[in-house]
Amino acid sequence: MTATTSLRVLGGIEVDVRGEGRPVGGPKAQQLLAVLVANRGRPVSTARFIDSLWGEDPPPSATATVQSQISRVRSVLAPGFRVVLTSGGYRLDIEDGEVDADRFEGLLQRSRTEEPSNVVSLLDEGLALWQGEAFGSCADLAEVRGEALRLEELRLAATEAWAEARLATGDPAAMVGELESLVESHPLRDCYWRLLMLALHRSGRQTEALRRAAELRERLAHDVGLVPSRAVVELEAQILADDPALLAVAGHAPTSRRTGASAPQLLGATSFVGRDPEVAAVVDVVRDQPLVTIVGPGGVGKTRLAMRVGAMVIDRVEDGVTVVELAPLRDPGGVAQVIAAALDIQPRQYRTLESTIEDHLAASDRVLVLDNCEHLTEAVAPLVDRLRSACPRLRVLATSREPLGLAGEYVSVLAPLSLPDPTAVTAREVARSSAVELLLARAEASAPGFVLDDDNAVAIAAICRRLDGLPLALELAAARLRTMGVEALAERLVERLGLLDQTQRGADGRQRTLFELVEWSHALLAPNEQELFDQLSVFAGGFDLPASQAVCIIGAADPPAVDTLASLVDKSMVLLADPDRSRYRLLEPLREFGVDRLRAREGLVGAERRHLDWYLGLAERGGVGLDGPDEAMWSDTLARDHDNFRAAHLAAVRMGDADSALRIVCALREYAFRRIRYEVTSWAEVSASLEGAAGHPALADTLGVSAYGRFVRGDMDAAIELARAALVSGDGDAPVLSSSGLPERVLGNALFYLARISEALSWMDRMVEATRRSGAPAPLAHALYMRSVAETSVGNPVRGAVLAGEAKAAGASTGSPTARAQADYALGLALERTDPADALACLERAGSVGASAGNRWIEAFALTEVRWLQARHGEHIAGLIGYVDIVDTWYRGGDWANQWLSLRRVLGTFIELGFHEPAAVLHGALSAVGAAHALPFEPVDADELSRSVDRLRSELGPSAFVAAVRRGASMQDTEIVAFVQREIRTITDSG
């Protein structure tokens, strides 16, 4: 055996000589060698060779051919390998490690005993050996199939272990794209789903993690009739409960000294001391009541109780639990937007957002948790009332300091933790109180070594009684035990809070107790800590360290030191929400206190101004970054701070700052389009109407964003009107080229929908011209991709392929995954008729690359064609099943322009399969909305579909055909989606 010669089977059969792959010979030689390698070390008889190579009908010369091919293989392999003839047949003798599959298995075996950091490097090396499927085209041979399947299963196991190790040691956000791709490729492998959920949760995307769990539940139920594994259900419950243990990764303990557990983090486990009866009671009520509101003062633990209840019932409701965090929202008008975002839906065509939510939940068996409603009651209550009337299987679990005030509302009053008996004086007697239990748990974390004994029992009991057993108050008090003894703490609390005894009235007294304790805890902070805490209250949802240093100014315009923020974390005034990202947030009662402090000393406006400036800058940096190689990172970054962008835009509107409002919309437009977060298009309409918007350089693009929003919702006339307005200069009515090509892009798309083809192509040419003039390669790549799709759609696939190559060249310098995906999509579309195999590969790659960068739009757009190609080439069931998710993506995103394209492909498959009545219904729906010319749709496809509809009319008969078409034309959009998904499931189940 030479050190420079080996065999490759992980991707095909080749001899590797000094790093260069060499084919063995013709097909029969490769097949014979594949059989030998699959059985290496074991003899294979001539009869088994013949059976594997020719099956049941071998030629007369089969034996001679085997012998001849053995001789050929020996000559190619010599001198490194030996094929020996034994009594049992021919045997391939190979030393360990001379086959890439053996090296791969060795690395996998070693990884099972290594630390996570070493596991990653070992499996990186092992997985890099794979260049395709094991044994390539020879994998289906009878004598090879078992070994090929075994290796493929080991490959999946290695990929799972690699992903788990990467997640344990690296950046979870960077893993999201990888795991999304693995989930798409292997939708029934439990491990990939669990790791994706965990990566999303660690990236601060709890809602998306829970959505993926719901998606897995739906897929399993539909595809194989199963339910998620216990591991998935338990992880889902932990995510719902925001269990701090999920944040722990190798080398990063979330309860470390500097980044230690603060009050909110402990609500997953330790802060639920003594709450089992309350949890059980609310769980029982939620089963039967459509609206349950957990009521209590701030800091009593309403949020964690709701999360724990959600975790307890999640496996009992078909569509899972959706959590809506209302605390960051200041504007009551945004309630529907926040609920829709949590449900991952956007407004439907010609429907309000409230109606869209109602439609989406109409038949849903779901628990909707609305957390922190008290400051938005006037907006929340009527929407909840509407939903519970229209959605019979929906249950709403709300938390608030007061009831919503609706008829039939079940109010669960959450009392503070139990207090020690006034006569208790010994440690044993005092320890029976759940308030004491919580205080001790937090004291031990704050001051290691602290214990309850008879000497301090009375003081501890006094602290718990003085704080009324409020969990948050106990957390804040425990944080002080590091700097003062328990006796001193008890004395200070009596002095500080004693005056309240004469003025407290009813339940409000506990709220005032908490406020007074927060005020006292704030007073104990150093002046620089006080200033920082107050200014941190301006953030919505959360913030990271750079944001805090940019927004918060201490003393003479100096940014705060890192140690100051760390000190606030140690004192439980700030929550470290994500240790890996150094991401923080304030609990709502503390944030309210900070806002009041800022307002009282007239610092709120300045803090909001700095907040706006920072997030405008972040949006603009992200807008640039999205067009480069770090697109996935920037997409996740922008998504993580969506609440802050919403707050910043609202502040700009409130200040009348048209410049900032317009710029933040333009900066976020590609993020919004790619993530299908079309809420930003409504910001555009508001921004364009501000005084000072007229004549602004960003107005044209802002109107383009607004026009795009109208286009995706199917309002073509309004989209065209807005896009034309964007292109009219301030000096006259003649249209001019835009700086981005966005208005021209909208006009091209909308005019195609209206069958005004020549106009559409003209505007697309202007789009290309505008982007060339701008000098920005990413917009040019997008324009060329669209122009390519247009050429293919009007019957010029050769020109489409040329333009796809130009799009690829334009995007190459950017390193943008979206640019690559778009070019692949355009080329795949152009090749569909002449080279379907290459077309499918291009389209699948486009979807995978787009998904890895967080581009949900191009992923769904590419998969629309992938499923169509599968169906057109005989894989009808696989294609149809795939459309269930695609249709759901457009439905949730409110993207009706692309929904009709997908449904048009579904129509063709229905006809091919002979499901005539559903096809006629869908034809009626598509005809009613006029999607006959929308991109992409080649003339040959249109002709085929037209002939198919003619056959459909003939098969059904005139009266039945007309009745079905009328039925489809009369359907609302949500009815059409439900109809299509139901029919797909019926067809695929029967198939």
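Residues numbered from 1 in each chain as written. Predicted model: local features only at pLDDT ≥ 70, side-chain atom pairs only at ≥ 80, totals over all residues. Heavy atoms only, no water.

Bringing the packing of helix H39 (residues 856-872) against helix H40 (residues 876-893) into the picture now. Their axes nearest at 8 Å, the elements H39 and H40 cross at an angle of 155°. Our classification of the angle between H39 and H40 gives roughly antiparallel. Helix-helix and strand crossings are classified by hand; for H39 and H40 the assignment is left-handed. Residues Arg-856, Trp-857, Ala-860, Phe-861, Leu-863, Thr-864, Arg-867, Trp-868, Gln-870 and Ala-871 of H39 form the contact with H40, whose participating residues are His-876, Ala-878, Gly-879, Gly-882, Tyr-883, Ile-886, Thr-889 and Trp-890. Considered class by class, the residues forming the contact of H39 with H40 number 10 nonpolar, six polar and two charged. (Axes fitted to C-alpha atoms, helices over the stretch in contact; angles between N-to-C directions. Helix = DSSP H or I, 4+ residues; strand = E, 2+ residues; numbered from the N terminus. Parallel < 35°, antiparallel > 145°, perpendicular 65-115°, else oblique. Left-handed = near helix turned anticlockwise from the far one by under 90°. Contact = heavy atoms within 4.5 Å. Nonpolar A, V, L, I, M, F, W, Y, C, P; charged D, E, K, R; others polar.)

Further remarks concern the side chain of Glu-374. With respect to the helices, strands and loops of the structure, Glu-374 is situated in the loop between strand S8 (366-371) and helix H15 (377-390). Here Arg-401 takes part through its backbone nitrogen, which lies 3.2 Å from a polar atom of the side chain of Glu-374. If we ignore the near neighbours within four places in the chain, the residues touching Glu-374 are Thr-399, Ser-400 and Arg-401. (Polar contact = N/O pair within 3.5 Å; in protein donor to acceptor, adjacent residues only side chain to side chain.)

Here the focus is helix H38 (residues 836-852). Its 17 residues place the ends of H38 24 Å apart at the C-alpha level, agreeing with the 24 Å of an ideal helix rising 1.5 Å per residue. Phi turns positive one or two residues past the end of H38, at Gly-854, with a value near 80°. (Expected span 1.5 Å × (residues − 1).)

Let's shift gears to the pairing of S8. Among the six residues in S8, six count as buried, and that is most of the element. With five bridges joining them, strand S7 (residues 321-325) and S8 adopt parallel strand pairing. What sits directly across from Val-321, in S8, is Val-367. Here five bridges tie S8 to strand S9 (residues 394-400), and the two strands are oriented parallel to one another. Bridged to Arg-366 within S9 is Leu-394. Chirality of the crossover, the property in question, places the unit of S8, H15 and S9 among those that are right-handed. (Buried < 20%, exposed > 50% of the residue type's maximum accessible area, 1.4 Å probe, protein only. Pairing = 2+ DSSP bridges. Right-handed = clockwise from strand over helix to strand, strands pointing away.)

Attention shifts here to the pattern of salt bridges. Applying the stated rule across the entire model yields 48 salt bridges. In this structure, Arg-388 engages Asp-385 in a salt bridge whose closest nitrogen and oxygen atoms are separated by 3.1 Å. Residue Arg-388 and its partner Asp-385 are both found in helix H15; the two are separated by three residues, about one turn of the helix. Accessibility expressed as a relative area gives 31% for Asp-385, which makes it partly exposed. For Arg-953, the salt bridge identified is with Asp-950, shortest N-O distance 3.0 Å. Of this pair, Arg-953 and Asp-950 both sit in helix H43 (residues 939-956), three residues apart, which is roughly one turn of the helix. Here the salt bridges share partners, and the residues they tie into one network are Asp-627, Glu-631, Arg-669, Glu-670, Arg-674, Asp-701 and Arg-745. (Salt bridge = Lys/Arg side-chain N within 4 Å of Asp/Glu carboxyl O.)

A complete count under the given rule lists 16 aromatic pairs for this structure. Judged by centre distance (6.2 Å) and plane angle (65°), the rings of Trp-857 and Trp-890 are edge-to-face. Taken as a pair, Trp-857 in helix H39 and Trp-890 in helix H40 lie far apart in primary sequence, 33 residues in all. Trp-890 sits in the buried class, given a relative accessible area of 0%. In textbook terms, an aromatic cluster arises when at least three aromatic residues are bridged by ring pairs, as seen for Phe-539, Phe-543, Tyr-584, Tyr-615 and Phe-645. (Phe/Tyr/Trp six-rings, centres within 6.5 Å; stacked < 30°, edge-to-face > 60°.)

What follows is about helix H11 (residues 276-288). What H11 keeps buried is the set Val-279, Val-282, Val-283, Val-285 and Val-286. Buried residues along H11 sit against strand S6 (291-295), helix H12 (302-313), S8, S9 and strand S10 (410-413).

Another point: the nonpolar core. Core analysis: the biggest nonpolar cluster contains 284 residues, and Phe-135, Leu-397, Ile-460, Leu-536, Phe-543, Phe-711 and Tyr-785 have the highest contact counts within it. For this core, the leading source of residues is helix H29 (residues 658-675), giving 11 residues. Excluding its chain neighbours within four sequence positions, the residues that come into contact with Ile-460 are Val-430, Val-436, Leu-439, Leu-440, Phe-450, Leu-452 and Val-486. Membership of the second largest hydrophobic core comes to 30 residues, among which are Ala-342, Ile-357, Leu-370 and Ala-381. (Core = buried A, V, L, I, M, F, W, Y, C linked by side-chain atoms within 4.5 Å.)

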